[in-house]
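Residue-level structure breakdown
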Amino acid sequence: MSQLSPCPAKIEINEVAPRDGLQIEARFVPTEDKIRWIDALSATGLRRIEATSFTSPKAIPNLRDAADVVTGIQRREGVDITVLVPNVKGTERALACQVDEINLVMSASNSHGLANLRMTPEQSLEQFAAILEVSKVSGAFINASLSTAFGCPFEGEVPEARVLELVEKLIDLGIQGVTLCDTTGMANPAQVKRLCAAVLERWPETPFTLHFHNTRGMGLANALAAWQAGISRFDASLGGLGGCPFAPGASGNVCTEDLVHMFEAMGVDTGVDLDALLEVAATLPDLIGHDVPGQVVKAGKSTRRYAMP
């Protein structure tokens with residue numbers, strides 16, 4: 001007897017360009033432009049927007065206006081504002097701005113954790129416990145992003161057993177949601193499908209999000225494999241902006257409008273108005289001062305028709 005497909009009929013997209021996309025840009029995007037941009041994104045039907053990071057201005061100068069951005073944007077019903085925080089101090093600053101979700105980050109590999117965060121995975125978990133204590137009465141959803149879940153640029157393969165061990169520790173700690181991150185674009189669809197199936201089988205009630213980079217051109221293929229395994233939540237970045245500064249050769253995140261276009265063409269409900277999203281994507285080159293990798297904004301949707309030559 002064949003099993004029913006686990007493929008979700010509807011997916012949810014977390015737009016990460018305002019944080020992941022802008023953090024490594026060469027020039028600072030003025031606060032008022034960031035606010036207008038996020039307001040435009042929130043009107044497209046996106047379910048969640050990672051608006052910024054409450055980290056040290058010295059560490060990420062491009063996001064030094066975090067509090068001004070979060071308090072300046074228009075809050076829309078049905079659109080959760082999430083922010084990345086690196087420590088207890090950042091958490092306290094973020095909660096003061098009444099964010100909906102706190103996103104913590106740690107690495108699955110020791111070397112990437114030391115390079116990116118100056119912490120091993122075990123040290124990150126200790127810090128998460130302190131953050132959870134500070135945030136427990138806030139009502140904010142607490143998510144943890146597990147970087148290098150599909151491979152480390154310094155160590156190579158990260159065993160699936162190690163990833164599952166860390167996911168278990170996160171959930172036991174009280175983390176409510178987990179993002180599995182292909183930080184360096186090392187994942188392949190077969191690997192993605194295996195790991196996604198494994199976490200969904202062990203923790204069916206935990207909201208898992210998948211975060212892919214398009215470093216080796218497999219971002220959409222990996223997203224498709226995750227969806228086929230039953231994943232319904234995805235990070236994506238408008239225009240394909242982004243890239244980890246501690247991932248040599250890394251390009252941007254999987255592109256939001258390309259991801260939406262793929263799923264909508266397949267009949268999967270994303271909740272996003274693709275035409276409205278493409279309008280916002282078309283403003284990116286002027287906003288950041290250079291072209292972006294996104295394809296659909298350049299080629300148009302697959303339903304586009306041309307005059308005969």
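By the naming in an unreviewed UniProt entry, the protein chain goes by Hydroxymethylglutaryl-CoA lyase YngG and is assigned to Vreelandella titanicae. What UniProt states about the protein chain under its Sequence similarities (unreviewed entry) heading is, verbatim, "Belongs to the HMG-CoA lyase family."

1. Some points on the overall build of the protein chain
Scanning the protein chain from terminus to terminus reveals 13 helices and eight strands. Counting only C-alpha atoms, the protein chain reaches 65 × 55 × 35 Å along its principal axes. Expressed as a percentage of the 309 residues in the protein chain, the buried residues total 54%. A separation threshold of at least 6 residues defines the contact pool for the protein chain, and within that pool the share at least 24 residues apart is 75%. Of the roughly 13400 Å² that the protein chain leaves accessible, carbon and sulfur atoms contribute 52%. Distance from the positive charge centre (26 side chains) to the negative charge centre (37 side chains) of the protein chain: 3 Å.

2. Quick look at the pattern of salt bridges
In total, this model carries 17 salt bridges according to the counting rule given. Salt-bridge contacts for Glu101 lead to Arg48; the nearest nitrogen and oxygen are separated by 2.9 Å. Of the two residues, Glu101 is situated in strand E4 (residues 101-107) and Arg48 in strand E2 (residues 48-53); the sequence distance between them amounts to 53 residues. The same class applies to Glu101 as to Arg48, namely buried. As a salt-bridge pair, Glu165 and Arg162 come within 3.2 Å of each other at their nearest N and O atoms.

3. A word on empty space enclosed by the protein
The full count for this structure, using the stated rule, is one cavity of 30 Å³ or more. Considering only enclosed or pocket space, the largest cavity measures out at about 30 Å³ in volume. Lining of the largest cavity is provided by Asn14, Arg48, Glu50, Thr82, Glu101, Asn103, Asn143, Ser145, Thr179 and Asp235. At the level of secondary structure, the elements contributing two or more residues to the lining of the largest cavity comprise E2, E4 and strand E5 (141-147). Its residues assigned to classes, the lining of the largest cavity shows no nonpolar, six polar and four charged.

4. Looking at the environment of Ile131
Along the chain, the position of Ile131 falls in helix H6 (residues 121-135). You can call Ile131 buried: its relative accessible area is 0%. Counting along the chain gives 152 residues from Ile131 to Thr283, while the straight-line C-alpha distance between them is 37 Å. Filtering out sequence-adjacent residues up to four positions away, Ile131 remains in contact with Asn87, Val88, Thr91 and Leu104.

5. Overview of the packing of aromatic side chains
With the rule as written, the count across this model stands at four aromatic pairs. In textbook terms, an aromatic cluster arises when at least three aromatic residues are bridged by ring pairs, as seen for Trp227, Phe234 and Phe263. Between the NZ or CZ atom of Arg64 and the centre of the ring of Phe28, over which it lies, the distance is 3.8 Å.

What counts and what doesn't
Residues numbered from 1 in each chain as written. Predicted model: local features only at pLDDT ≥ 70, side-chain atom pairs only at ≥ 80, totals over all residues. Heavy atoms only, no water. UniProt positions renumbered as here; feature names shortened; annotations may be inferred. Helix = DSSP H or I, 4+ residues; strand = E, 2+ residues; numbered from the N terminus. Buried < 20%, exposed > 50% of the residue type's maximum accessible area, 1.4 Å probe, protein only. Contact = heavy atoms within 4.5 Å. Areas by Shrake-Rupley, 256 points an atom, 1.4 Å probe, with all protein chains shown as cover. Lys, Arg positive; Asp, Glu negative; His and termini not counted. Charge placed at Lys NZ, Arg CZ, Asp CG, Glu CD. Salt bridge = Lys/Arg side-chain N within 4 Å of Asp/Glu carboxyl O. 1 Å grid on protein atoms, 1.4 Å probe; cavity = no way out; pocket = protein on both sides within 12 Å on 5 of 7 lines; lining within 4 Å. Points joined across faces, edges and corners; volume = space filled by probe spheres on them. Nonpolar A, V, L, I, M, F, W, Y, C, P; charged D, E, K, R; others polar. Phe/Tyr/Trp six-rings, centres within 6.5 Å; stacked < 30°, edge-to-face > 60°. Lys NZ or Arg CZ within 6 Å of the ring centre and 35° of its normal.

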